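Below are the chains, spelled out letter by letter.
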Amino acid sequence: MQHLSNRAPAKCAICGEAESTPGTFPMVVGVGRVCLSDGMKKVKCEACGDEVKLLTSAKLQGKTLCLSDYMKGIEKFRQHLVVNFDEDTEPATSILARAYNEAPEGYTLLTVHRGRNSTHLWEAEYEKTEVFQMRCS
Ligand SMILES: [Zn+2]
Ligand SMILES: [Zn+2]
């Protein structure tokens, strides 16, 4: 792995400090690599107002978001969505009903099936409704 050892040390996107060993600074989506002390600083999610560590935040279109709002944010740009359900926590019949009734806004349920190599995980696949309609007309 020649290229790994040759990797230049990253600089903290916040304070500019260079890491002592390449690869030690964690990556924050939309921000870049940050040193650990900046990573531990609290930032405020602009969607729900929660205070989270910079490390567990992400930046999307200039907004600081907690990870769950970030996930919601990028879902808007995704055509496909997979939601996992666990049969250990609820019965299969309820999973099927919920997968259908609680489809994320703007998405159409394509299929619900058991997760690969799993006896209790289910995957519900959704497709953006506009895409779904385009395909079906
Ligand atoms: Zn820093
Ligand atoms: Zn949030």
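Keep in mind that this is a model prediction, so the values were computed, not measured.

The rules behind the values
Residues numbered from 1 in each chain as written. Chains lettered and ligands numbered in written order. Predicted model: local features only at pLDDT ≥ 70, side-chain atom pairs only at ≥ 80, totals over all residues. Heavy atoms only, no water. Donors = N, O, S within 2.8 Å, 3.2 Å for Na, K, Ca; no water. Tetrahedral: all angles 85-135°; square planar, octahedral: opposite > 155°, others 65-115°. Buried < 20%, exposed > 50% of the residue type's maximum accessible area, 1.4 Å probe, protein only. Helix = DSSP H or I, 4+ residues; strand = E, 2+ residues; numbered from the N terminus. Salt bridge = Lys/Arg side-chain N within 4 Å of Asp/Glu carboxyl O.

**Digging into the coordination of the zinc ion (ligand 2)**
And then number 1: Around the zinc ion (ligand 2), the protein supplies Cys 45 (SG), Cys 48 (SG), Cys 66 (SG) and Asp 69 (OD) as donor atoms, at distances of 1.9 to 2.3 Å.
And then number 2: In this structure, the zinc ion (ligand 2) is surrounded by four donor atoms whose angles at the metal cover 101 to 120°, and the resulting shape is tetrahedral.
And then number 3: When its relative accessible area of 2% is taken as the criterion, Cys 45 is described as buried.
And then number 4: According to the relative accessible area criterion, Cys 66 is buried, its value standing at 7%.

**Things to note about the coordination of the zinc ion (ligand 1)**
And then number 1: Donor atoms from the polypeptide that bind the zinc ion (ligand 1) are Cys 12 (SG), Cys 15 (SG), Cys 35 (SG) and Asp 38 (OD), placed at 1.8 to 2.3 Å.
And then number 2: Given four donor atoms and angles of 102 to 120° at the metal, the environment of the zinc ion (ligand 1) is assigned as tetrahedral.
And then number 3: Look at where the donors of the zinc ion (ligand 1) fall in the sequence and you get C-x2-C-x19-C-x2-D. Taken together, the positions of Cys 15 in the loop between α1 (2-5) and β1 (27-28) and Cys 35 in the loop between β2 (32-33) and α2 (36-39) put the pair 20 residues apart, joining distant regions of the chain.
And then number 4: Given the relative accessible area of 45%, Cys 15 is considered partly exposed.

**A closer look at the pattern of salt bridges**
And then number 1: Within the structure shown, the criterion is met by five salt bridges.
And then number 2: Asp 69 is paired through a salt bridge with Lys 72; the nearest N and O atoms lie 3.3 Å apart. Taken together, the residues span about one helical turn, with Asp 69 and Lys 72 both in helix α3 (residues 67-75) at a distance of three residues.
And then number 3: Taking the shortest distance from any N to any O, the salt bridge between Arg 114 and Glu 87 comes out at 2.9 Å. Of the two residues, Arg 114 is situated in strand β8 (residues 107-114) and Glu 87 in the loop between β7 (80-86) and α4 (92-101); the sequence distance between them amounts to 27 residues.
And then number 4: Since its relative accessible area comes to 39%, Arg 114 is described here as partly exposed.
And then number 5: Assessed through its relative accessible area of 27%, Glu 87 is described here as partly exposed.
And then number 6: Among the charged side chains, a network of salt bridges with common partners joins Glu 90, Arg 98 and Glu 102.

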